[in-house]
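Listed here are the chains, written in short residue letters.
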Amino acid sequence: MTRAHTFLGIESSCDDTAAAVVRGVPGDMVVLSSVVYGQTDLHAAYGGVVPEIAARAHAERLDVSIVAALEQAEMTLSDLDAIAVTCGPGLIGGVVSGVMTAKGLAMATGKPLYGVNHLAGHALTPRLSDGVQFPYLMLLVSGGHCQFLIAHGPDRFERLGGTIDDAPGEAFDKVARLIGLGQPGGPAVEEAARDGDAARFAFPRPLANKPGCDLSFSGLKTAVLRARDDLVAEAGGLHEQDQADLAASFQAAVADSLAGKSARALAAYLALSPSNPTFCVAGGVAANMTIRGALETVSVEYGAAFLAPPLALCTDNAAMIAAAGIEQMQVRAPDGMDLSARPRMPLDTQSAAMLGSGKKGAKA
Ligand code: KG4
Ligand code: ZN
């Protein structure tokens, strides 16, 4: 029987500075604390994450977030078994801040250090939230990520496909800006779409007829731009109903694209005959009820259980990094002081590299 371990997790790869303490064994863990300091206000004036500002904010807040996480867990550094830190992919300044902090703590305390791939953290979240058994199918959809993965084990992931350009959250944010809605764009578009006609604009479903599980969202974004320009040229501006219809039609196109490729991914995954077929979705975009509904429908059609872990564990956090550390310590040795920060770090080194890098950093 594996003994329970207590890990400190540290995450600083994008615009959230996070620390958490998680205790347990693989597939059965408890989050003792999870502190996330967001930076949305710092970047608001720039229309995207500014890497230099992000790196400085991480450097200023990492120690504060770690102290807060330990306090909330009612622990001190000596109670920890190990330290896990995101070592990539992400904005390099932030990742370096986290890795250096973790190395300093590991060296000072003599505790083992585990460098964790940020995407592995996301992909292993269903194990933390619900103890889901391997292999499961995972869709990561956020402002920086979009990929289908089969999770075979704590450090074995097979990428079936993903976006070849923008991530869906990025597309939501850009479309919100195009049609005059606020940021973050996802919730704003979802809200506007509630009163909209999803059939008014026939937006494309890019790559729908291409075999495989790859997706594309940049053409869709351009189609929204054209439709908006046509409306502005005709009427001199956008009416509230136009905004709602554009939002609803765009959201429907994203939901359709994701659902269509999910069907392909499910077919590939089910060919493995998993004993408890499960389709998990994580990332900020998974908060969208239309998209979540479309994914759940496909999952049910294919006979797989559908799971969306609680949003606080799906968006960037350090509990998922600590949990990934607990999973991975079973299958590999700790990292040394030569652990490096990597802006690009594919989860699946067997599959071909993905293209593109979003405003929030490398996608794979
Ligand atoms: O996972 P997340 O918090 O951060 C990373 O990107 O890593 O995801 C944020 C993204 C943003 O692009 C945001 O617009 C999108 O998720 N998002 C949504 C919704 N809520 C957040 N997109 C669509 N519908 C939503 N309700
Ligand atoms: Zn993330």
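Residue positions are counted from 1 within each chain, in the order its sequence is given. Whichever chain is written first is A, and whichever ligand is written first is 1; the rest continue in order. A pLDDT threshold of at least 70 governs which residues receive local features in this predicted model, and a stricter bar of 80 or more applies before side-chain atom pairs are shown or counted, although totals over entire chains, interfaces and linings include all residues. Based on all heavy atoms of the structure, the side-chain values leave hydrogens and waters out of the count.

Enquirer: So what's going on with the overall build of the protein chain? Which residues, and what values?
Expert: Under the DSSP-based scheme used, a helix requires at least four consecutive residues in state H or I and a strand at least two consecutive residues in state E, with every element numbered from the N terminus. Secondary structure assignment for the protein chain yields 12 helices and 12 strands. We compute the radius of gyration over the C-alpha atoms and compare it with the globule rule, which gives 2.2 Å times the number of residues raised to the power 0.38. Here the protein chain has a C-alpha radius of gyration of 20 Å; the compact-globule value for 364 residues is 21 Å, and the two agree. The principal-axis extent of the C-alpha atoms belonging to the protein chain is close to 70 × 50 × 35 Å. Summary of the burial criterion: residues with accessible area below 20% of their type's maximum are buried, those above 50% are exposed, and those between are partly exposed, where the area comes from a 1.4 Å probe applied to protein chains only. In the protein chain, which comprises 364 residues, the proportion classed as buried is 55%. In the protein chain, the proportion of contacts linking residues at least 24 apart, taken out of those at least 6 apart, comes to 72%. Accessible surface is estimated by sampling points in the Shrake-Rupley manner with a 1.4 Å probe; for residues, cover comes only from the protein chains shown. Approximately 14,300 Å² of the protein chain is accessible, and the part contributed by carbon and sulfur atoms is 54%. Looking at the protein chain, you have 27 positive and 38 negative side-chain charges, and the mean spots of the two groups are 6 Å apart. We call two residues in contact when some of their heavy atoms are within 4.5 Å. This count recognises Lys and Arg as positive and Asp and Glu as negative, with His and chain-terminal groups excluded. Charge positions come from single atoms, namely NZ of Lys, CZ of Arg, CG of Asp or CD of Glu.

Enquirer: Requested: an account of the coordination of the zinc ion (ligand 2), with residues and values cited.
Expert: Keep in mind that water is not among the atoms, so a site may look incomplete; donors are the N, O and S atoms within 2.8 Å of the metal, or 3.2 Å for Na, K and Ca. Protein ligation of the zinc ion (ligand 2) involves His 118 (NE2), His 122 (NE2), His 145 (NE2) and Asp 316 (OD), the donor distances falling in the range 2.1 to 2.5 Å. Bound by 4 donor atoms, the zinc ion (ligand 2) shows angles of 87 to 167 degrees at the metal and therefore irregular coordination geometry. Mapped onto the sequence, the residues coordinating the zinc ion (ligand 2) show the spacing H-x3-H-x22-H-x170-D. Taken together, the positions of His 145 in the loop between strand E6 (136-141) and strand E7 (146-153) and Asp 316 in the loop between helix H11 (311-314) and helix H12 (319-328) put the pair 171 residues apart, joining distant regions of the chain. Classification of Asp 316 by relative accessible area gives buried; the value is 15%. Every angle between 85 and 135 degrees makes a four-donor site tetrahedral, while opposite donors more than 155 degrees apart, with all other angles between 65 and 115, make a four-donor site square planar and a six-donor site octahedral; other sites are irregular.

Enquirer: Got a sec to walk through the sheet that holds E6? Specific residues and values, please.
Expert: Should DSSP find at least two bridges between two strands, the strands are regarded as paired. Taking strand neighbours across the sheet as the criterion, the 5 strands line up as E8-E7-E6-E9-E10 in an open arrangement whose pairing is mixed. Bordering the open sheet on either side are strand E8 (156-162) and strand E10 (305-307), each of which pairs with just one other strand. For this sheet the average axis-to-axis angle between neighbouring strands, irrespective of direction, equals 20 degrees. Where E6 and E7 come together, 6 bridges link them in antiparallel fashion. Paired with Leu 139 across the strands is Phe 148, a residue of E7. Between the N-to-C directions of two axes lies an angle of 0 to 180 degrees, each axis being a line fitted to C-alpha atoms and, for a helix, fitted only over the stretch in contact. Across the sheet, helix H10 (residues 289-301) touches E6, strand E9 (278-282) and E10, and the angle it forms with E10 is around 155 degrees.

Enquirer: Talk me through the packing of helix H6 (residues 168-178) against helix H7 (residues 185-193); I want residue IDs and the actual numbers.
Expert: It is the contact of H6 with H7, at a shortest axis distance of 7 Å, that shows an interaxial angle of 60 degrees. H7 is crossed by H6, and the crossing has left-handed handedness. Between H6, through Phe 172, Asp 173 and Ala 176, and H7, the contact on the second element is made entirely by Gly 185, Gly 186 and Val 189. Gly counts as polar in this scheme, as do all residues outside two lists: the nonpolar Ala, Val, Leu, Ile, Met, Phe, Trp, Tyr, Cys and Pro, and the charged Asp, Glu, Lys and Arg. Per-class residue counts for the contact of H6 with H7 are 3 nonpolar, 2 polar and 1 charged. By convention the crossing between two helices is left-handed if the near helix lies anticlockwise of the far one by an angle smaller than a right angle, and right-handed if it lies clockwise.

Enquirer: Requested: an account of the packing of aromatic side chains, with residues and values cited.
Expert: Note on aromatic pairs: the rings of Phe, Tyr and Trp (six-membered ring only in Trp) are paired at centre separations within 6.5 Å, and the planes decide the class, stacked below 30 degrees, edge-to-face beyond 60, tilted for the rest. Taken as a whole and assessed by the stated rule, the structure comprises 5 aromatic pairs. On the numbers, 5.6 Å between centres and 15 degrees between planes, the contact of Phe 134 with Tyr 136 is stacked. Judged by relative accessible area, which is 0%, Tyr 136 ranks as buried. Here Phe 172 and Phe 250 contribute two aromatic rings whose centre-to-centre distance is 4.9 Å and whose plane-to-plane angle is 75 degrees, an arrangement assigned as edge-to-face. Here the residue Phe 172 occupies a position in helix H6, and Phe 250 occupies one in helix H9 (residues 240-270), the gap between them amounting to 78 residues. Phe 250 gets classed as buried once you look at its relative accessible area, which sits at 0%.

Enquirer: Tell me about unusual backbone geometry, and name the residues and values.
Expert: The amide bond that connects Phe 134 to the next residue, Pro 135, takes the cis arrangement and shows omega of -10 degrees. By the element assignment, Pro 135 lies in the loop between helix H5 (125-130) and E6. Going from Gln 183 to Pro 184, the amide bond is cis rather than trans, its omega being -5 degrees. With respect to the element layout, Pro 184 can be found in the loop between H6 and H7. Of note, Glu 74 is a non-glycine position whose phi angle comes to about 55 degrees, a positive value. Looking at where Glu 74 falls in the secondary structure, it is placed in the loop between helix H2 (51-72) and strand E4 (82-88). Located in the positive-phi region is Ser 273, a residue other than glycine, with phi close to 50 degrees. By the element assignment, Ser 273 lies in the loop between H9 and E9. For Ser 273, a relative accessible area of 61% translates into the label exposed.

Enquirer: Please provide a residue-by-residue account of the domain arrangement of the protein chain, values included.
Expert: On domain assignment, one finds that the protein chain holds domain 1 (5-130 + 313-362) and domain 2 (136-309). One C-alpha centre belongs to domain 1, the other to domain 2, and the line joining them spans 26 Å. At the interface, 28 residues of domain 1 touch 28 residues of domain 2. Accessible area that two parts lose when put together, with a 1.4 Å probe and added across both, is what the buried area reports. For the domain 1 and domain 2 pair, buried surface summed over both sides reaches about 2,400 Å², with 65% attributable to carbon and sulfur atoms. Criterion for a salt bridge: a side-chain nitrogen of Lys or Arg within 4 Å of a carboxyl oxygen of Asp or Glu. Inspection of the region where domain 1 meets domain 2 yields 0 salt bridges. Elements that contribute at least two residues to the side of domain 1 that touches domain 2 include exactly helix H4 (118-123), H5 and H12. Taken together, the residues of the side of domain 1 that touches domain 2 sort by class into 13 nonpolar, 9 polar and 6 charged. Domain delimitation in this document rests on an assignment produced automatically or drawn from a domain database.

Enquirer: Describe the site of ligand 1, listing the residues and the values that go with them.
Expert: Around ligand 1, 19 residues are found, and the nearest of them are Gly 143, Asp 173, Gly 186, Glu 190 and Gly 284. For the purposes of these results, a polar contact is taken to be a pair of N or O atoms within 3.5 Å, where, inside protein, one atom must be able to donate a hydrogen and its partner to accept one; residues adjacent in sequence count only when each atom of the pair is a side-chain atom. Taking Ser 142, its side chain carries an N or O atom lying 3.4 Å from an oxygen atom of ligand 1. The separation between an oxygen atom of ligand 1 and a polar main-chain atom of Gly 284 is 2.9 Å. Within the complex, the protein chains bury 89% of what would otherwise be the 550 Å² of accessible surface of ligand 1. Secondary-structure elements contributing two or more residues to the shell around ligand 1 are H6 and H7. Tallied by class, the residues present in the shell around ligand 1 amount to 4 nonpolar, 10 polar and 5 charged. Residues from two domains meet in the shell around ligand 1; each of domain 1 (5-130 + 313-362) and domain 2 (136-309) gives at least three. Nearness is defined per residue: one heavy atom within 4 Å of the molecule or strand is enough.

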